[in-house]
Structure formats: C-alpha cells, structure tokens
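For reference, the chains in residue letters:
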Amino acid sequence: MRSQAVERISVGPVPGVSKPTMRDLVSTRDLSPAEVRSVLDLAAVVKARPSDFRRTLDGKQLVMFFEKPSLRTRLTFEAGMASLGGTAFFMDQTGGRIDARESLPDIAHNVERWVDVIVLRTFAHSTVEGMAAHASIPVINALSDLEHPCQALADYSVLQERFGNLKNVTLAYVGDGNNVAHSLLLTGAMLGSHVRVATPPGYQPNAEIFAAAQEIAQETGATVEAMTDPREAVSGADAVYTDAWASMGQENEADARIPIFQPYQVNEKLMAKAAPHAVFMHCLPAHRGQEATDAVMDSPQSVVFDQAEGRLHVQKAILMLLLWGGASRFPVRSAHV
Ligand code: CP
C-alpha cells in the first residue's frame, strides 16, 4: 500500500515544492530559479524519507549513454531509479561517440519508443542538446564539456543542508574554469548565492556562461565574480571548491598544466584564509596531492562524500520532477508517462 506521502505527491509535489515545469535538464539554464529551489527542496525530503518514494517511478525506464567513465553518476542514477521503483539501463559509449554508428535523431527516435528518460555523458555539449531537440522524452545532462548541472545541484543541496539560507553563502571555486565551475556559477546565480571563481589567466570560465550567470544574478540578488588570485577568492568564504586541473579528454595536457595550476592547490594554508566554519568541496574523482592535499581532503572540513551522497537524492528529485511535470506539458509523451 502506498504511504500518504506518496499519494499526496502523486497529485502535486511536496508542500513548499513549487509545481514543476521542467522539460529537460541539458543546462542549468533550462530551469527557473524557482525550479532550482524545487529540486533542492524535494531532494531534502527524499533524503529524509526515502521509503515514501519507493513506488513513485514504478514502471519507468531510464537509459544512460556515457562517452566518458563514471563512478558516482552512473551508480547514483542506477540506485536512484531502482529506489523509486524504476529501472535503469547502461549503454557504454566510451569506445566511440554516441552518434558514430547512426545519427543522433535516429537514435532519439528509437529510444523514445522504449524508455521514459535519457541520461547522457558526452564530450560535446551539442550532443546533449541534439538529443534533447530530437527526443520526445526528457533528456538529462550527466556531464558535457560545458556543464555538469546534476553535480552543482547536489553541491548546493549540501550547502543548503549545512548553512540554511544560501543567500548568505559564498562559494570560492579555485582551479580550472571547467564544466563544474560553469554549473556552480549558474546554480549559485539561480539561488541568489555568491560565487567567486579563481583561475590562472587563460583558464577562465566560458565567457558566454559567465555572462549568463551575471544576468541571472541581477534578477536573484546573487553575485558572481571571476579573478586570478586564489587567496582573494577564498578570503572569508564559506565553501572552498576545487576540481581536477585537467578534465576528462584533456589527459594529454595534464603534465603541462601542473606548474600552471600549482598556485591554485587547495592546501591547509589556503583553507586557513576561508571562514573558520568553511567546508572543503570537490566533485571527485580527486587527484590527491595536485588540486587538493590529503590533509584537506581528509579534514573535518571536507564534505566531499556528502556531495557524492547528494548526487543520489538530487537526481531522484530531478527524475521525479521531469517525469511528473512532463506528462501535462508534453502530451506527445502522455501515452507512456
Ligand atoms: N563527480 C562525478 O561526476 O563523478 P563521476 O565522474 O564518477 O561520475
């Protein structure tokens, strides 16, 4: 028998969680500020009462196409879907690009006949955009070279749990201006929070993403700043965040990047410049001794495994909001939602 919570959710999501209108999650920009808050709020309820949601996606099926390796993303989508009553399938695309064998539209028009949601991890962001444009079912970006929206949503769920009001939180990202930095900028901006990004010259965030974050920030009261001095970024911050100096696909640059990024290493000396209550964050996998030292990774300030756990709760919330919201807005899917 379904619990009362599930019955209530089946006609309208959790009280305080606004009605979802999400279609796809290709970019954080697919969400409104209210929808970003809905994801975090629902994730908090899912985390607190997982058993209330056991049948929520009964019969729903998810497929993952991954061009890059994964531990956290794959397992949290698989475990998350199973815990909601659904099923997940994994298509290993690490041997070649998704559209090497047949065109993206043809793949989309096959897959939409079989399953309810597509999760993509790709090199080119345009592959995720293309799948979303052609598939009539929701598409989720599980990391592209441009954005990693699920990661940043999980990260902000950890910060909300730790600090409460995100409008008072300053996150300092130190390192490469990569997909994770982009998603932190966009998500922090949506939430009215404060994000500083310090990178070496030449490794700044994508200019178009940064401009989009600035535009969102003007609406929400957030601030987003880009700089080159890691100490300036970290000064008084509530959270210090770093990521690999060379992302997946940049392995041949890894050695050349070490001396460029060494001044951006998060070590005890840099952490000491943050607020005394500051947390240390990393999306993982970490290159211990490069972007972060063992002393910081294993310190009481480190919330890296809370972030990994947050992926599970946040992605469950995303799946529920996409699949609940999709049925009424997109009748083409209503036959099988
Ligand atoms: N943070 C993250 O996306 O981890 P994986 O690469 O293991 O999925």
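Let me begin by describing the structure that accompanies this report. (Residues numbered from 1 in each chain as written. Predicted model: local features only at pLDDT ≥ 70, side-chain atom pairs only at ≥ 80, totals over all residues. Heavy atoms only, no water.)

A look at the sheet that holds strand S9 (residues 279–282)
Then step 1. If you walk across this open sheet you meet the 5 strands as S7-S6-S5-S8-S9, and the pairing is parallel. Because the sheet does not close on itself, it has two edges, and the strands there are strand S7 (223–227) and S9. The mean angle between the axes of side-by-side strands here comes to 20 degrees, regardless of whether they run parallel or antiparallel.
Then step 2. Summarising the sheet, strand S6 (residues 194–198) and S7 pair through 5 bridges and their orientation is parallel. Bridge pairing in S7 links Ala198 to Met227. (Pairing = 2+ DSSP bridges. Helix = DSSP H or I, 4+ residues; strand = E, 2+ residues; numbered from the N terminus. Axes fitted to C-alpha atoms, helices over the stretch in contact; angles between N-to-C directions.)

A short note on the packing of helix H6 (residues 149–163) against helix H7 (residues 179–190)
Then step 1. Closest axis-to-axis distance for the H6/H7 pair is 8 Å, and the angle between their directions is 50 degrees. Here H6 lies oblique to H7, going by the angle between them. Relative to H7, H6 is oriented so that their crossing is right-handed. Across the interface between the two elements, Pro149, Ala152, Leu153, Asp155 and Tyr156 of H6 pack against Ser183, Leu184, Thr187 and Gly188 of H7.
Then step 2. In the contact of H6 with H7, the residues fall into 5 nonpolar, 3 polar and 1 charged. (Parallel < 35°, antiparallel > 145°, perpendicular 65-115°, else oblique. Left-handed = near helix turned anticlockwise from the far one by under 90°. Contact = heavy atoms within 4.5 Å. Nonpolar A, V, L, I, M, F, W, Y, C, P; charged D, E, K, R; others polar.)

Some thoughts on the site of the ligand
Then step 1. Taken together, the residues surrounding the ligand are Ser70, Leu71, Arg72, Thr73, Arg121, His148, Gln151, Cys283, Leu284 and Arg311.
Then step 2. In this structure, Gln151 approaches the ligand through a side-chain N or O atom, which is 3.0 Å from a nitrogen atom.
Then step 3. Surface burial for the ligand is 95%, taken as the share of its 260 Å² of free accessible area covered by protein chains. (Near = heavy atom within 4 Å. Polar contact = N/O pair within 3.5 Å; in protein donor to acceptor, adjacent residues only side chain to side chain. Areas by Shrake-Rupley, 256 points an atom, 1.4 Å probe, with all protein chains shown as cover.)

A word on the pattern of salt bridges
Then step 1. Applying the stated criterion across every chain, the model contains 14 salt bridges.
Then step 2. Between Asp298 and Arg288 there is a salt bridge, and its shortest N-O distance comes to 2.9 Å. With Asp298 in the loop between helix H12 (294–297) and helix H13 (304–329) and Arg288 in the loop between S9 and H12, the pair connects residues that are 10 residues apart, well separated along the chain.
Then step 3. Relative accessible area serves as the criterion here: at 52%, Asp298 is assigned to the exposed category. (Salt bridge = Lys/Arg side-chain N within 4 Å of Asp/Glu carboxyl O. Buried < 20%, exposed > 50% of the residue type's maximum accessible area, 1.4 Å probe, protein only.)

Some points on the nonpolar core
Then step 1. By size, the foremost hydrophobic cluster in this structure holds 65 residues, and its most contacted members are Phe77, Ile140, Leu153, Tyr156, Leu159, Leu171 and Ile318.
Then step 2. Here this core gets 8 residues from one element, more than from any other, and that element is H13.
Then step 3. With residues near it in sequence (within four places) discarded, Tyr156 still touches Leu40, Leu166, Leu171, Leu184, Thr187, Gly188, Leu191, Ser193 and Val195.
Then step 4. With 20 residues, the next largest nonpolar core counts Ala172, Val174, Ala237 and Leu270 among its residues. (Core = buried A, V, L, I, M, F, W, Y, C linked by side-chain atoms within 4.5 Å.)

Some thoughts on the sheet that holds strand S2 (residues 87–92)
Then step 1. On the basis of which strands lie adjacent, the open sheet formed by 4 strands has the order S2-S1-S3-S4 and parallel pairing. Each edge of the open sheet carries a strand with a single partner, namely S2 and strand S4 (139–141). Ignoring which end each strand starts from, the neighbouring axes of this sheet average 20 degrees apart.
Then step 2. Where strand S1 (residues 61–66) lies against strand S3 (residues 117–121), 5 bridges are found, and the strand directions are parallel. Its bridge partner being in S3, Met64 is matched across the sheet by Val119.
Then step 3. Of the strands in this sheet, S1, S2, S3 and S4 touch helix H3 (residues 72–83), which is tilted by about 175 degrees from S1.

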